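# Fold and contact review
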Amino acid sequence: MSDNPEGAVTPDMIQRLQAEVPAAFAMLAGMQLGLFSELAGGPRSVAELAATLGVAEDRLARLLYALVAVGLLETRETGFANGPEAASFLVKGRPDYVGGVHELLNQLWHADMLTAQSVRSGRPAALHDFAAASDADMAAMLRGMHGTAIASGRELLRRFNFSRCRSVVDIGGGSGGLVATLCDARPGLKGILFDLPRTAALAADILAATPGGDRVTIETGDILRAPPGGTHDAVVLRALVQVLGQADAARAIANAAKALRPGGTLYIMGGGILDDSRVSPRSAVFLNVTFMNLYEAGAAYTEAQHREWLLAAGCSDMQRVTLSTGSGIIAATRQS
């Protein structure tokens, strides 16, 4: 008699979820070690890599084969080499480098392991307190997220027409990578990075070394208190609304809209944009859980909530784009 009668429920989903966790941690370890950048010049043997990284060969070999198994590395006659994705996105200095986010991933995944504790206590078990972070930690975070900011700028350029845009403000833009990327692609564009004083000061050197950064000016302020100065053709809120409570999110959007000329466009970007069903995109659903562990009030918000806040701020003609990563962009036009 069969041990698994036809139609019986099996733990396939549970086993698949369990199997995905070690693969992600193997990628994180490779990023933390700088392994993919070391392989930028071509295949290297275990002995060569171990000597360069200052680690034991036998332990490194286990990680290398794990990364081959997930497809980030490949084996060659002369050793190990980066696979296509690792070569494009995990090598320092490459245009599409995103490997600097390993410190952020470490924080996010640590926070995820405390979800039950956050639910039980009613408080974020891994509270992310920017004010308590040292300047060194803040600068490292900005550098780590710089590649993602640049990629977000490129995504905006692919999805929307900035050819007639004369000025754009990146509110809470961190390193300024997004607005610098817009300016680099559009020579006539004037960019403004609007952020809190300490963040802006730490971002200055990063911005100066970024293509297009020489056409970006820095303005300090708090979007919850007042809008940036002047009126502009475009304003961007990237990964900001999702770290705020509902009242502050509405206030931030209202103040951002005040910085737009009539007919200007407000862009909201981030991983925390949910369908109204609240069960998709999957990445936003799970990010909503992570936010519970990190912030007192941050959350992923639905399309309907964004529409309500935008309408109250005098913006309409809302358009939403969901990217392949699950992150989203909402664009809306300021009315007269």
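Scanning the protein for helices and strands turns up 13 helices and eleven strands. Here the C-alpha radius of gyration of the protein, 22 Å, is about what a compact globule of 336 residues would show, namely 20 Å. With the principal axes as the frame, the protein shows a C-alpha extent of 70 × 55 × 40 Å. Within the protein, the proportion of its 336 residues that are buried is 44%. For the protein, restricting intrachain contacts to residue pairs at least 6 apart in sequence, the fraction spanning at least 24 positions comes to 67%. As presented, the protein carries roughly 17000 Å² of accessible surface, and 54% of it is formed by carbon and sulfur atoms.

This paragraph deals with a nonpolar patch on the surface. Taken together, the side chains of Val 21, Phe 25 and Met 113 define a hydrophobic patch exposed on the protein surface, amounting to about 290 Å² of accessible area. With respect to the helices and strands, Val 21 occurs in helix α1 (residues 12–33).

In this section: the layout of surface pockets. Space inside the second largest pocket adds up to approximately 600 Å³. Considering the residues around the second largest pocket, the lining is formed by 25 residues, among which Tyr 97, Arg 143, His 146, Gly 147 and Ile 150 are closest to the centre. At the level of elements, α6 (102–112), α8 (135–159) and α9 (177–185) are the ones that each hand at least two residues to the lining of the second largest pocket. Looking at the lining of the second largest pocket element by element, the count peaks at eight residues for α8. Residues belonging to the lining of the second largest pocket are distributed by class as follows: nine nonpolar, nine polar and seven charged.

A separate point is the sheet that holds strand β10 (residues 315–322). What holds strands together in a sheet is hydrogen bonding between their backbones, with the strands either parallel or antiparallel. Across the sheet, seven strands lie side by side as β5-β4-β3-β6-β7-β11-β10; this open sheet has mixed pairing. The two strands at the open ends of the sheet, each matched to only one other strand, are β5 (216–220) and β10. The sheet shows a mean angle of 20° between the axes of neighbouring strands, taken without regard to direction. Note: strand β3 (residues 167–171) against strand β4 (residues 190–195), five bridges, orientation parallel. Looking across to β4, one finds that Ser 167 is bridged to Lys 190.

Considering all chains together, one arrives at zero disulfides under this definition. Cysteine Cys 165 remains unbridged, with the sulfur of Cys 183 as its closest cysteine sulfur at 8.9 Å. Of the residues examined, Cys 165 reaches a relative accessible area of 11% and is grouped as buried. Considering cysteine sulfurs only, Cys 165 is the nearest to Cys 315, which forms no disulfide, with 14 Å between them.

Turning our eyes to something else, we now look at the environment of Arg 334. Tracing the backbone through its elements, the reader meets Arg 334 in strand β11 (residues 328–334). When its relative accessible area of 22% is taken as the criterion, Arg 334 is described as partly exposed. For Arg 334 and Thr 217, which are 117 residues apart along the polypeptide, the C-alpha to C-alpha distance reads 23 Å. For Arg 334, the contacting residues outside a window of four places in its chain are Ala 257, Lys 258, Leu 260, Arg 261, Pro 262, Gly 263, Gly 264, Ala 313, Gly 314 and Cys 315.

The biggest cluster of nonpolar side chains holds 28 residues, and the ones touching the most others in it are Ile 171, Val 235, Leu 237, Val 241, Ile 253, Leu 266 and Leu 310. Only β3, β4, β6 (232–238), α11 (246–258), β7 (260–270), α13 (303–312) and β11 provide two or more residues apiece to this core. Take this core: its biggest share by element is five residues, from α11. Filtering out sequence-adjacent residues up to four positions away, Leu 237 remains in contact with Ile 171, Ala 252, Ile 253, Ala 256, Leu 266, Tyr 267, Ile 268 and Met 269. In this structure, Leu 156, Ala 180, Leu 323 and Ile 329 belong to the second largest nonpolar core, which totals 26 residues.

Our focus in this paragraph is helix α10 (residues 197–208). With twelve residues, α10 should cover 16 Å at 1.5 Å per step; its first-to-last C-alpha distance of 17 Å lies within 8% of that length. If you check which residues of α10 are buried, you get Thr 199, Ala 200, Ala 203, Ile 206 and Leu 207. Buried positions in α10, seen along its axis, are confined to an arc of 115° and lie on one side of it. Away from the buried face of α10 by more than 90 degrees, exposed residues Pro 197, Ala 201, Asp 205 and Ala 208 are located.

Attention now goes to the packing of α8 against α9. Between α8 and α9, the least distance of the axes is 7 Å, while the angle of their chain directions is 45°. The angle between α8 and α9 falls in the class oblique. Here α8 and α9 pass one another in a crossing that is right-handed. Where α8 approaches α9, its residues His 146, Ala 149, Ile 150, Ser 152, Gly 153, Arg 154, Leu 156 and Leu 157 are matched on the opposing element by Gly 177, Leu 178, Thr 181, Leu 182 and Ala 185. Class assignment for the residues of the contact of α8 with α9 results in seven nonpolar, five polar and one charged.

Turning to the pairing of strand β1 (residues 73–76), a few remarks are in order. Strand direction decides the pairing type here: β1 and strand β2 (residues 79–82), joined by four bridges, are antiparallel. Across the sheet, residue Thr 75 finds its bridge partner in β2, namely Phe 80.

To continue, consider the side chain of Ser 118. Checked against the element boundaries, Ser 118 lands in helix α7 (residues 115–121). When its relative accessible area of 3% is taken as the criterion, Ser 118 is described as buried. A distance of 2.6 Å separates the side chain of Ser 118 from the side chain of Asn 293, its partner in a polar contact. Excluding its chain neighbours within four sequence positions, the residues that come into contact with Ser 118 are Arg 123, Pro 124, Ala 125, Met 292 and Asn 293.

Cut-offs and rules
- Residues numbered from 1 in each chain as written.
- Predicted model: local features only at pLDDT ≥ 70, side-chain atom pairs only at ≥ 80, totals over all residues.
- Heavy atoms only, no water.
- Helix = DSSP H or I, 4+ residues; strand = E, 2+ residues; numbered from the N terminus.
- Rg over C-alpha atoms; globule rule 2.2 N^0.38 Å.
- Buried < 20%, exposed > 50% of the residue type's maximum accessible area, 1.4 Å probe, protein only.
- Contact = heavy atoms within 4.5 Å.
- Areas by Shrake-Rupley, 256 points an atom, 1.4 Å probe, with all protein chains shown as cover.
- Patch = residues over 30% accessible without salt bridge, like charges linked within 9 Å, V, L, I, M, F, W, Y side chains within 5 Å.
- Salt bridge = Lys/Arg side-chain N within 4 Å of Asp/Glu carboxyl O.
- 1 Å grid on protein atoms, 1.4 Å probe; cavity = no way out; pocket = protein on both sides within 12 Å on 5 of 7 lines; lining within 4 Å.
- Points joined across faces, edges and corners; volume = space filled by probe spheres on them.
- Nonpolar A, V, L, I, M, F, W, Y, C, P; charged D, E, K, R; others polar.
- Pairing = 2+ DSSP bridges.
- Axes fitted to C-alpha atoms, helices over the stretch in contact; angles between N-to-C directions.
- Disulfide = S-S within 2.5 Å.
- Core = buried A, V, L, I, M, F, W, Y, C linked by side-chain atoms within 4.5 Å.
- Expected span 1.5 Å × (residues − 1).
- Arc of directions from axis to C-beta.
- Parallel < 35°, antiparallel > 145°, perpendicular 65-115°, else oblique.
- Left-handed = near helix turned anticlockwise from the far one by under 90°.
- Polar contact = N/O pair within 3.5 Å; in protein donor to acceptor, adjacent residues only side chain to side chain.

Bear in mind that shape data such as this cannot, by itself, settle questions of function.
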